[in-house]
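Chain by chain, the residues run as shown.
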Amino acid sequence: MKCKLIIENKSGKPMVFEFNQDNITIGRVMDNDITINDKSVSMHHVRILIEQDQAELVDLDSSNGTELNGKKIKRTPLYDQDIFNIGNIPVQFICPEAASESSLDQTMISPGKKVNVKNIINSLKRPK
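An account of the accompanying structure is given in this report. For clarity, every value in this text was computed on a predicted model and none was experimentally measured. (Residues numbered from 1 in each chain as written. Predicted model: local features only at pLDDT ≥ 70, side-chain atom pairs only at ≥ 80, totals over all residues. Heavy atoms only, no water.)

### Thoughts on the overall build of the protein
Put simply, the rule is: For the purposes of this entry, the term helix denotes a DSSP run of H or I that reaches at least four residues, the term strand denotes a run of E that reaches at least two, and both are numbered from the N terminus. Burial classes follow relative accessibility: with a 1.4 Å probe on protein chains only, a residue under 20% of its type's maximum area counts as buried, one over 50% as exposed, and anything between as partly exposed. Any two residues whose heavy atoms approach within 4.5 Å are treated as being in contact.
Secondary structure summary: the protein contains two helices and 13 strands in total. Across the 128 residues in the protein, those meeting the buried criterion constitute 34%. Partitioning the contacts of the protein with sequence separation of at least 6, the portion at a separation of at least 24 is 31%.

As structure tokens, this is what we get:
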């Protein structure tokens, strides 16, 4: 699956990194797949794992943490168009082939039929 990351550098100019590996690391030192030279970025900050059509963002016990939608994360699904922060650096994940959050939330497939997960959840919330 071909994906890309858009990372703003200190001058505000976006840098685009295309990749098709299923495991990439981002951090401040050169042995990462993508290196970001910023004090808020740990030596080995995050890992992006891709398996089939699902991506996952994993914080590697970084000093300044990783945020997705304003919340600190340790490990979370990553979807096309998500924006996450590595320290103070915003990163946009572009991967149209990755499963979207809405497609994962809306339906799950069981043998022979589709089930709407939101309807099940809503039925559980209704008082009897």
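### Concerning the sheet that holds strand S5 (residues 46–51)
Formally: For two strands to be treated as a pair, DSSP must find at least two bridges joining them.
If you walk across this open sheet you meet the five strands as S4-S3-S5-S6-S9, and the pairing is mixed. Because the sheet does not close on itself, it has two edges, and the strands there are strand S4 (34–35) and strand S9 (75–78). The pairing of strand S3 (residues 23–27) with S5 spans four bridges and is antiparallel. Residue pairing across strands places Ile26 opposite Val46, the latter belonging to S5.

### What about the environment of Asp33?
Here is the rule we go by: In the analysis that follows, any N or O atom pair within 3.5 Å is treated as a polar contact, provided that within protein one partner can donate a hydrogen and the other can accept it, and provided that, for residues neighboring in sequence, both atoms belong to side chains.
Looking at where Asp33 falls in the secondary structure, it is placed in the loop between S3 and S4. As a C-alpha pair, Asp33 and Gln21 span twelve residues in sequence and 9.9 Å in three-dimensional space. If near-sequence neighbours (up to four positions away) are discounted, Asp33 is found in contact with Gln21, Asn23, Ile24 and Thr25. Among the polar contacts made by the side chain of Asp33, one reaches the main-chain amide nitrogen of Thr25 at a distance of 2.8 Å.

### Regarding the state of the cysteines
Note the cut-off: Only a pair of cysteine sulfur atoms within 2.5 Å qualifies as a disulfide here.
Taken as a whole and assessed by the stated rule, the structure comprises one disulfide. A sulfur-sulfur distance of 2.0 Å marks the disulfide that ties Cys3 to Cys95. With Cys3 in strand S1 (residues 3–8) and Cys95 in the loop between strand S11 (89–94) and helix H1 (101–106), the pair connects residues that are 92 residues apart, well separated along the chain. Cys95 matches Cys3 in its accessibility class, with the two residues each being buried.

### With respect to the pattern of salt bridges
Cut-off, in case you're wondering: Each salt bridge in this description consists of a side-chain nitrogen of Lys or Arg and a carboxyl oxygen of Asp or Glu lying within 4 Å of one another.
Here the structure, examined in full by the defined rule, presents four salt bridges. Salt-bridge contacts for Arg75 lead to Glu56; the nearest nitrogen and oxygen are separated by 3.0 Å. With Arg75 in strand S9 and Glu56 in strand S6 (residues 54–59), this residue pair connects regions lying 19 residues apart in the sequence. A single network of salt bridges, built from pairs that share partners, joins Asp59, Asp61 and Lys74.

### Describing the sheet that holds strand S10 (residues 83–86)
What counts is decided by this rule: Axis lines are fitted through C-alpha atoms, for helices just across the contact stretch, and the angle between N-to-C directions can take any value from 0 to 180 degrees.
Spatially, S2-S1-S11-S10-S7-S8 is the arrangement adopted by the six strands of the open sheet, whose pairing is antiparallel. On the outer flanks of this sheet lie strand S2 (14–19) and strand S8 (71–73), each paired with one strand and no other. Here the strands of the sheet are splayed against their neighbours by 30 degrees on average, with no regard to which way each runs. Pairing between S10 and S11: four bridges, direction antiparallel. Bridge pairing in S11 places Ile83 opposite Gln92.

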